[in-house]
Structures are given as structure tokens and as C-alpha cells.
4 protein chains.
Amino acid sequence: MKLISLFTLSFLLVSLSLFSQESKYPKQAPMKPEMSEYWTPQPKVVTPAQTPETILVAPSDAIVLFDGSDLSMWENSEGKPAEWTIGDGFFTVKKGKGIIKTKQLFNDFQLHIEWRIPEGIEGKSQGRGNSGVFLQGHYEIQILDCYQNETYVNGQTGSVYKQTPPLVNAMQKPGVWNTYDIIYNAPTFTKDGTYRTPPTVTVLQNGVLLQNHTTILGTTEYIGFPKVKEHGAGPIILQDHGDAVSFRNIWIREL
Amino acid sequence: MKLISLFTLSFLLVSLSLFSQESKYPKQAPMKPEMSEYWTPQPKVVTPAQTPETILVAPSDAIVLFDGSDLSMWENSEGKPAEWTIGDGFFTVKKGKGIIKTKQLFNDFQLHIEWRIPEGIEGKSQGRGNSGVFLQGHYEIQILDCYQNETYVNGQTGSVYKQTPPLVNAMQKPGVWNTYDIIYNAPTFTKDGTYRTPPTVTVLQNGVLLQNHTTILGTTEYIGFPKVKEHGAGPIILQDHGDAVSFRNIWIREL
Amino acid sequence: MKLISLFTLSFLLVSLSLFSQESKYPKQAPMKPEMSEYWTPQPKVVTPAQTPETILVAPSDAIVLFDGSDLSMWENSEGKPAEWTIGDGFFTVKKGKGIIKTKQLFNDFQLHIEWRIPEGIEGKSQGRGNSGVFLQGHYEIQILDCYQNETYVNGQTGSVYKQTPPLVNAMQKPGVWNTYDIIYNAPTFTKDGTYRTPPTVTVLQNGVLLQNHTTILGTTEYIGFPKVKEHGAGPIILQDHGDAVSFRNIWIREL
Amino acid sequence: MKLISLFTLSFLLVSLSLFSQESKYPKQAPMKPEMSEYWTPQPKVVTPAQTPETILVAPSDAIVLFDGSDLSMWENSEGKPAEWTIGDGFFTVKKGKGIIKTKQLFNDFQLHIEWRIPEGIEGKSQGRGNSGVFLQGHYEIQILDCYQNETYVNGQTGSVYKQTPPLVNAMQKPGVWNTYDIIYNAPTFTKDGTYRTPPTVTVLQNGVLLQNHTTILGTTEYIGFPKVKEHGAGPIILQDHGDAVSFRNIWIREL
């Protein structure tokens, strides 16, 4: 969700300048973030199987994005080395260092990623263990501590952020690793830059289905409606939202 | 678009009372109509073929909803006789009488309907020849005089109102009949009341494609985001927006 | 359907040589044409409106493929001038001259084409007024005299030939012009050459829906299963099946 | 694949009698099994992670179809007790006892099932470790020993049998447990009994994507083309193909 980074700021400026060229038309009225947040019905809570201690090796045709040792496959929003904190087989968001993104760009893929909310996390709603995975840099699958923590449903863990809530809430407790298995199909575009076929996503958290070939309506926008913007291959982005969320065992298979 | 009728009011009250039961959660912040209106890029203008003078008879398996003589297939929002004005082979919105809707309810269908903006129409943007066709009572295909009249693009003729603009602008001049050929597939629902398969619509105006199997995101809302609401078969509704739009040669084939 | 032309023969030879490279595997067992033909249930007969005498002009953004005068937009299977017979505002299949195809190649499109079975046609099943429209050169929408002439249903007029029967039978009598309005979306392909999104087609004959965003399973094959073959933009092909089917008023809009 | 059971025989007889009522039309020409089998291109071999020794518990909202102890959730084709062999935490096909199927019927679901080819299996192509999972009783996801054993690709493990090959071959060796995670959406039907929305399936084997929201074309047919047949909720069927394939840890979540 709310992406606080130079990357985002520069992007917004480009968008605004594009819009300002079309001055003869009324501007779309400005919105507030809470206008695109709704709270009911809350997804049912499902207790998943405990995540096994042993990390499974990646399939032989996968690109390993993090094998436990270093962030060489990642960079920050300015293309400089990623500066998040490396732990023992995992890495952790370093507050203030901004997002990190894969150097490699992807189209359709199957992504496996494991993440953990810090034990003893405090705060509530979106202020508790907040991060996210951006598909092709544009479409966020939310990460949040939703273990006994309610928030707007289209901002829950596993939501297509500010769009589609997850089918259920399948969180592990803080301090326990969660898995995401994400199957993503990139959009194709008409010559006018609208979706010819929209992006779609399937998400399993801890082996439980959260998104079932969900149509993504447009880019993740903190404020207002999703936008349809033409784009090509894009990176996986992990969000710095100021919380010490950790990640491990990340691999991707191009489809 | 803005449906001013008892039908709507009673419907809104039901919705509000449903929402008010869930008082422990924050309410979605109220929006303004202009927040869901955008003006660019304006669809390209295409000049269609002149509509033939002769009215084609309906296919033999169609249900004729208006054959030029009376409104016996229609009723007003309260289930009482439709009181719009009958002309010579057509009928016209009677301001203040509210919407009319088919007595019969439909699921999937092919709908043919012809409509005409009054010659000499004045006004601008949405205030010029405004009406609309509601599919299953929930999803509006906009009718508006868009001949040399710009408005927000997701409110143009042939838009899924407040959602998806038409591919092009294929208007006849005021005073000339337009045709709509609409192919609609009703949604199916999960047991939780969300779309299992969303509604889709294809629209041709004067033989020119405006909507190409477009996914409808939810109900037409004048204010705010589309909503997903479970429903069964529903009527065709024609909107009274205060303008003297006329209709003729209406038939429907159940698919 | 059965495309008898040098174009086809050369194409088949290429296919066979491709297959013969993979000699260590069993060959798919040869089939007979009638194995992919089924006769029931026969689509319901619907009487459409009479086609108006007046030809409607093409929309202003359409590419006119035949305006009544000459075949300059078309060529034969070898890229030489199309030699079918020009009539008074129409042209007719010239037996033995093979298919004709557009010089221009297309991706997604809306196609309007009118066609007529010769009055007094004789023969039965597929041997009566047989021709066809190939989308991107690969996927045939069948043309056949199905007026009081039964055939296998996936070979009827408006079928995706040898795949999907039309929803109904909406034929005009021999000697009367029929219209086809065809909305086609080209496939996209994975890097392995399979469909990422399959082709889809909507067909209206004489204003009546025959195919409703039907998924095309693969190339039209006279014998055996449809095949998935990677391809780019392709021509509209009209088939010479030996019958004197006529065509007029052909235009296409790129989507 | 080839279902040899009373269940099947009675089903075929019903089909034949239905067909024989329509005697005025030619019959679809009989086919041979090998006509719907193709061998190239062979899917790439991917080595998956080793399946963990520990069995994960089912999510809290799942219906457990086999917890390691008994077949009380299953019955044979005649509705009598399932007679397959119970082992230590798993069960095994008992040759000659025919299929087993769940007593409960399902619509849309997420299914987890683990299966093992017997160590030391011999034979080749389809004659080696053959079984299968039928979704709603109609659509088979193939089970076969494809570890260093080639067969026709639309008959491989993870194929929609006789329809769509898997994206890759992600087999464990014989004697090692495989996992299937299957997400299935049931078809909806038009009033004419054809698919309004076809069934779709996503399959992961050992965490590797084999089917990505694949459209199922019709029922699994050992001979000839898939068929579209109207049906409601249906059982999970496990196939007795004469090989001692074992199963464990089976659960299903209704969607």
C-alpha cells in the first residue's frame, strides 16, 4: 500500500504532468484514502497447517531470488544496492531504506515467497506488520499482520490491495513464517493502451486459497480508483512500510 | 445514471439499513459523484451508416417488448401501468413519471432497442438527452446525446455507466434514430454472494462495436465504487432523467 | 471447410515435415472426416428479419474490403490477382480458382460481410452452397445453405467449423442476402507456442446471435482435432468450395 | 483414463440409448483411442523439492476425506463400502474392486491429495502406475508414473486426460509421495445444456504449476472428443486402473 519512496514520487510527478496537458477537461475530483476502504464482510478465519521448519528447495527450473545469503538479485528504487538487513537465512525490511525490487523483469510467473511478521508486533489495522509484494511493479498483494487484527477487508493480507479481499484469513501468528504461492498472468494491451486481457492472479497463503484467478482491475492506488496503464515486463517489488517484516526462500518460475 | 425515483429511494434505504447493522466497523468514507468521473482520453468519433427508415421485424423467437402500439409489457417502479407518452410507433420519456421496467424478468439475453434524442436538444455534458438502459435492473448502458457534446468518458453513450467508456463515439445527430444491439450474460454467484462469474456485455450502436464482452464490475452507482450484490433474474429498466428521449422497436431473445 | 488449394497443400506439407522430425514417437492415429462431425441436437430454426434492399455504408473508420466494384484488396493463394467473378455490386466464387484472401493482415477486428446462396441451389448437407470465412487465415466461420438443409451441426452456417455449432439457424432463403457481423479477438501465445489467451469470436447472422464470445479451440481441421499453432496477424480468407456463393458490402474495423 | 467398472458400463448404456433415439441422423463415426493421443512436444522435466516426511494437517475449514485411518467418506461405484486396501496412514488401489468415490458431492473446491507410485514399478507408457482423480465424476486429472517414462503428452501425469498436457513434468521417483493441489470451478450451463461457463482447473504437483486455470473442454473420454453433458454437484472419483497406486492426506475445501 502507501509506497513512500523516491521511486513513487517521481512516478507520480510524471503522471501529474501527463494529466496537466489535458487542461480543457475537468479534473477527476480528488479523493481520500478511506473512500476506497471497506470493512465488511470480514473474511472467515481459517487456521492453516503449521509451516514446516525445513525450507523446501526450489524446483530445478526456478530462478532463486533469495537463497538465504544475499540480496544480489535485488536493488533499491534508484537501481543502487538493496540495503535491507540480512539475517540468518532471511532478510528484513530496513525502515527508511525504501522498497527493494528485482533486477530482473518478469511477465507471467509462479512466485514462491515466505514472510514473517515480527513476534511481539504492536499497533492495529494497517499499522501492524505492513508490507507487500508488487507484481510487475504495479499490482500489490498485501502483507499485513491480520492475526487477531481487523482492518478494511480490501487491505487484508492476501488482498489485491484496495481492490479484492482474500477469500479467507489464513494467517500464522506473529513470529511464524507464512508462505505465498502466487500465479500471475500479465495483462495484454490494445493499441489504445487499455487491457485487451486484464492481469489475473491466484494466491495461496500457507496452502489455503485466497485469490482464485482474480481479475486485477488496474494498478494499486492508495487513493482513488485503480488505473489502467500500459506496461511491459516488470520487477517484483517488496514494500518498505516501516515495519520489520522478514522474507526468505524466494523463487520464481517464468510461465 | 442518477435514478430519481421511489424505486431507487426505497432501494437505497434497504442498503443503508443493511450497512447500519455492522456498526462496529468504520463506514466507507462518503464520496462525491465527480470522483468517479474521468474525461480523458475521449473516444474517437466514428460516423455510422444512416439508420434505415424501415423498421426491421423482430426475429421469430424474440419477445417483442414494444411493437409500436402500447406499453403493456412495461410498468412503473411501483408495478403500476407505465405512463410514458405513446407517439406514432414510438414512446417517449414523460418527465416526472419515473423509470419504466419490463414486467418480465430476464437472465442472459440479446436485446435490440432503438432510441432517439429529440431534435433541437439543448444543454451540455450529462444535461442533454440523458436516459439509459438498465440490464437486470442493476447495470446501466448509458444513453446521452454525445453528438458534438463532450462529457466524462465513462458517462458517454454506450458506456457501462461510471465504469467503462465505449470504444468509440458512434452517435447519430439528434432527431435521428440510433440502434443498440446488446448481448448480456448475467453473473453467477458464489455461496458468499460475490461474483463467481461476473456479468459481461457486448454493445453495438448503429452497427459499430462499443463494448466488446466487457466485464461489468458491479452495480451502477452514481456515487462511489460499483457494488457486488447477489441477485437473480431482473427487468430491463429505462431511465427517466427528465429528457424527452424516445424509444421504438424493442425486442429481446433469451439466451 | 475442406480447403482444396495450393495454399493448403503447401501448408500441409510444411506441417508434415515438421512432424516427421520427431520420429521416435508414435504418430497420432489417422482419422476420418466424419469422426469430427455430429448431427444432434439440431439448432432451432429462427426466421430473421428480411435483409433490407439498401446497402448501408461502412462506418467512417472501417477499411472497405469490397465496395461493389473490384477485388483490388484481395489476392489468390499465390499472391496473384484474385480471379473470382465480379457482378453488379457483388462478386462470386469462381470454381477452380481457389480461395481469395485480403492483402492486408489483421489482428482483432469487427468484420461485416454479406453473402448469398444462389437461388435454385441443389444438393444436400455440405454439398449445397458451401463456402466460409477464415479469420486470420486459420479459423473458419462456415457458410452453407442451411435453409431446409440439415447437416452435421458443427458444420452448419455460423459454426466454428468442426468445433462449435451456432446457437440457432437464422438463414435467409437461397437468393436472399445474409449478413454476418463478426467480432474477433486474436489469440496471444506463451513462449512455448500454446495459447496464453485463446481466440474468441462473436457472430451475428441477419442480426441474430449465433456465437456468443465463443472460445476457438484451435485451427479449423477438416480431419481430426483442432490444432494450436502459433501465428501473428493474418488475412481474411474466403473459401472456394466449388459453389457459386456471392459476397458484397465487406468492411472491417481494427480493434 | 480407461475406466473399467460397472459404473462406466451403465453410464455408457444410458448414453447409447439416448443417442439411438435420434435415428434419422448419421452416427458420429467411431474412433479409436489412439486418435486422441499425441506425443509431442514432450513437457520439460522439472525436479521438484522432496516431499517432506511430515504430513501437514488440513486447514481448519477443510472436509477431511482421508485422515489415515479408514475409507468411511468413500464408497464404490455401486454405493457399497469402498474395498481398497488400508495401509499405515494411506490406502491403495485394490485391483478388480473398481473405482471409489466420495459419498459427498461437490461443486467448486480446492482439493489436496497425495499419491505414490509403488517402488519398483514396471511397464511403460500408460501401463505403469496408472490411476486418476475425476473432478465432479467427469473430468480426469491423470495420475501415472511419468518418471523416466514417456507417454502421449495429453495422457501424462497432471494432464486433463486426453485434452491438455501439463506445463511441465514434475514427478517424484516411484516410492516417493507426490502432492496435488487442485483448484476447480464447476461449469454452469445454459438452458440448452451447453456450457455457459466451462469448468476450469489449476493443478500444482509438488508445488509446481501444471495447469494454469485451464478450460476443460468436456468430459474425459477414452475414445473420441470430449463431450458436453449437463450435470450438477459430483463426487471425487479415484480410478482403479489395475496398478497399486497409494493415496494419503486428502482434504477438500468448498469454495
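Residues numbered from 1 in each chain as written. Chains lettered and ligands numbered in written order. Predicted model: local features only at pLDDT ≥ 70, side-chain atom pairs only at ≥ 80, totals over all residues. Heavy atoms only, no water.

1. Focus on the packing of aromatic side chains
Then, in step 1: Applying the stated rule across the entire model yields 58 aromatic pairs over all chains.
Then, in step 2: Seen in terms of ring centroids, W115 of chain C and Y180 of chain C are 5.3 Å apart; in terms of plane orientation they differ by 65°. Their pairing is edge-to-face. Taken together, the residues span a long stretch of sequence, with W115 of chain C in strand β7 (residues 109-116) and Y180 of chain C in strand β11 (residues 177-185) at a distance of 65 residues. Neither residue differs from the other here; W115 of chain C and Y180 of chain C are each classed as buried.
Then, in step 3: Across the ring face of F90 of chain B, the terminal group of R116 of chain B is positioned such that the distance to the ring centre comes to 4.7 Å. (Phe/Tyr/Trp six-rings, centres within 6.5 Å; stacked < 30°, edge-to-face > 60°. Helix = DSSP H or I, 4+ residues; strand = E, 2+ residues; numbered from the N terminus. Buried < 20%, exposed > 50% of the residue type's maximum accessible area, 1.4 Å probe, protein only. Lys NZ or Arg CZ within 6 Å of the ring centre and 35° of its normal.)

2. A look at the interface of chain B and chain C
Then, in step 1: With 28 residues of chain B in contact, the opposing surface of chain C contributes 28 residues.
Then, in step 2: Roughly 2000 Å² is buried in total at the junction of chain B and chain C, and carbon and sulfur atoms are behind 61% of that figure.
Then, in step 3: In this assembly, chain B and chain C are joined by 2 salt bridges.
Then, in step 4: Between D61 of chain C and K44 of chain B there is a salt bridge, with its nearest N and O atoms 3.6 Å apart.
Then, in step 5: Every element with two or more residues in the side of chain B that touches chain C is listed here: β1 (44-45), β11 (177-185), β14 (200-205), β15 (208-215) and β17 (246-254) of chain B.
Then, in step 6: Of the residues contributing to the side of chain B that touches chain C, the split by class is 16 nonpolar, 9 polar and 3 charged. (Contact = heavy atoms within 4.5 Å. Buried area = accessible area lost by both parts, 1.4 Å probe. Salt bridge = Lys/Arg side-chain N within 4 Å of Asp/Glu carboxyl O. Nonpolar A, V, L, I, M, F, W, Y, C, P; charged D, E, K, R; others polar.)

3. Topic: the environment of A62 of chain B
Residues and elements named next belong to chain B.
Then, in step 1: Inspection of the secondary structure assignment puts A62 in the loop between β1 and β2 (63-66).
Then, in step 2: With a relative accessible area of 16%, A62 lands in the buried category.
Then, in step 3: Between the alpha carbons of A62 and H112 there is a distance of 9.7 Å; along the sequence they are 50 residues apart.
Then, in step 4: Discounting chain neighbours no more than four positions away, the residues touching A62 are W251, I252 and R253.

4. With respect to the relation of the copies chain D and chain A
Mapping between the two copies of the chain is achieved by a rotation about an axis and a shift along the axis.
Then, in step 1: At an RMSD of 0.0 Å, chain D and chain A line up after a rotation of 180° and a shift of 0.0 Å along the axis. One copy is carried onto the other by what is essentially a two-fold rotation axis. Taking C-alpha positions as reference, the residue of chain D nearest the rotation axis is H213 of chain D, located at 3.5 Å.
Then, in step 2: An overlap of 100% is found between the interface residues of chain D and their copies at the interface of chain A, pointing to a shared contact surface. (Least-squares fit on C-alpha atoms with pLDDT ≥ 70 in both.)

5. Here's the deal with the interface of chain D and chain A
Then, in step 1: Each side of the interface is counted separately: chain D has 28 residues, and chain A has 28 residues.
Then, in step 2: In total, about 2000 Å² of surface goes out of reach between chain D and chain A, with carbon and sulfur atoms giving 61% of it.
Then, in step 3: Between the two partners, chain D and chain A, sit 2 salt bridges.
Then, in step 4: Put simply, chain D and chain A have 6 residue pairs in polar contact (both at pLDDT 80 or more) between them.
Then, in step 5: For the side of chain D that touches chain A, the secondary-structure elements that each account for two or more residues are β1 (44-45), β11 (177-185), β14 (200-205), β15 (208-215) and β17 (246-254) of chain D.
Then, in step 6: Among the elements that line the side of chain D that touches chain A, the one with the most residues is β15 of chain D, at 4 residues. (Polar contact = N/O pair within 3.5 Å; in protein donor to acceptor, adjacent residues only side chain to side chain.)

6. Side note on the confidence of the model for chain A
Then, in step 1: Within chain A, residue pLDDT values average 91, and 91% of them lie at 70 or more.
Then, in step 2: Across the assembled chains, the prediction reports ipTM 0.91 with pTM 0.90. (pLDDT = per-residue confidence, 0-100.)

7. Re the sheet that holds strand β3 (residues 74-76) of chain D
Residue and element names in this part refer to chain D.
Then, in step 1: Across the sheet, which stays open at both edges, the 5 strands sit in the order β3-β6-β16-β8-β9 with antiparallel pairing between neighbours. Single-partner strands in this sheet number two, and they are β3 and β9 (139-143).
Then, in step 2: Where strand β8 (residues 131-135) and strand β16 (residues 237-238) come together, 2 bridges link them in antiparallel fashion. Residue pairing in the sheet places F134 in a bridge with I237 of β16. (Pairing = 2+ DSSP bridges.)

8. Considerations on the relation of the copies chain B and chain C
Then, in step 1: Taken as rigid bodies, chain B and chain C are interconverted by a rotation of 180° and an axial shift of 0.0 Å, the fit giving an RMSD of 0.0 Å.
Then, in step 2: A shared interface surface links the copies, since 100% of the contact residues of chain B are contact residues in chain C too.

9. Re the pairing of strand β17 (residues 246-254) of chain C
In regular strands, side chains alternate between the two faces of the sheet.
All names here are of chain C.
Then, in step 1: Of all 9 residues making up β17, 8 are buried, and the element is well covered by its neighbours.
Then, in step 2: Pairing analysis gives 3 bridges linking strand β2 (residues 63-66) to β17, with the strands arranged antiparallel. Counted as the bridge partner of I63 is I252 from β17.
Then, in step 3: Where strand β5 (residues 91-92) and β17 come together, 2 bridges link them in antiparallel fashion. Across the sheet, residue F91 finds its bridge partner in β17, namely F247.
Then, in step 4: Of the pairings in the sheet, the one linking β7 to β17 comprises 7 bridges and is antiparallel in character. Across the sheet, F109 pairs through a bridge with E254, a residue of β17.

10. Comments concerning the sheet that holds strand β6 (residues 100-102) of chain B
Then, in step 1: With antiparallel pairing, the 5 strands of this open sheet are ordered in space as β3-β6-β16-β8-β9 (chain B). The open sheet is flanked by β3 (74-76) and β9 (139-143) of chain B, the only strands paired with a single partner.

11. Side note on the pairing of β14 of chain D
Residue and element names in this part refer to chain D.
Then, in step 1: Most of β14 sits out of view: 6 of its 6 residues are buried.
Then, in step 2: In β14, alternate side chains face the same way, and those of T200, T202 and L204 on one face and V201, V203 and Q205 on the other are all buried.
Then, in step 3: In this sheet, β14 lies alongside β11 in antiparallel orientation, the contact comprising 6 bridges. Within β14, the residue paired with D181 across the bridge is L204.
Then, in step 4: Bridge analysis of β14 against β15 gives 5 bridges, and the strand direction is antiparallel. Its bridge partner being in β15, Q205 is matched across the sheet by V208.

12. Some thoughts on the pattern of salt bridges
Residues and elements named next belong to chain A.
Then, in step 1: All told, the structure shown has 40 salt bridges over all chains when counted by the stated rule.
Then, in step 2: For the salt bridge of E114 with R248, the shortest nitrogen-to-oxygen distance reads 2.8 Å. Taken together, the positions of E114 in strand β7 (residues 109-116) and R248 in strand β17 (residues 246-254) put the pair 134 residues apart, joining distant regions of the chain.
Then, in step 3: Residue E114 is classed as buried on the basis of its relative accessible area of 5%.
Then, in step 4: A relative accessible area of 9% places R248 in the buried class.

13. With respect to the side chain of E75 of chain B
Residues and elements named next belong to chain B.
Then, in step 1: As for its placement among the helices and strands, E75 is situated in strand β3.
Then, in step 2: For E75, a relative accessible area of 15% puts it in the buried group.
Then, in step 3: Those residues in contact with E75, other than ones at most four positions away along the chain, are K80, P81, A82, I99, I100, K101 and K103.

14. A look at unusual backbone geometry
Then, in step 1: With an omega of -5°, the peptide bond between T40 of chain B and P41 of chain B qualifies as cis.
Then, in step 2: Structurally, P41 of chain B is set in the loop between α1 (6-20) and β1.
Then, in step 3: We note that H213 of chain A has phi near 55°; this positive angle belongs to a residue other than glycine.
Then, in step 4: Note that H213 of chain A resides in strand β15 (residues 208-215).
Then, in step 5: In this structure, Q148 of chain B is a non-glycine residue whose phi angle is positive, near 55°.
Then, in step 6: Positionally, Q148 of chain B belongs in the loop between β9 and β10 (168-169).
Then, in step 7: Its relative accessible area of 69% is what places Q148 of chain B among the exposed residues.

15. Concerning the side chain of S246 of chain A
Residue and element names in this part refer to chain A.
Then, in step 1: Tracing the sequence through the fold places S246 in strand β17.
Then, in step 2: Polar side-chain contacts of S246 include one of 2.8 Å to the side chain of T92.
Then, in step 3: Sequence-distant contacts of S246, that is, excluding residues within four places in its chain, are made with F90, F91, T92, E114, W115, R116 and W177.

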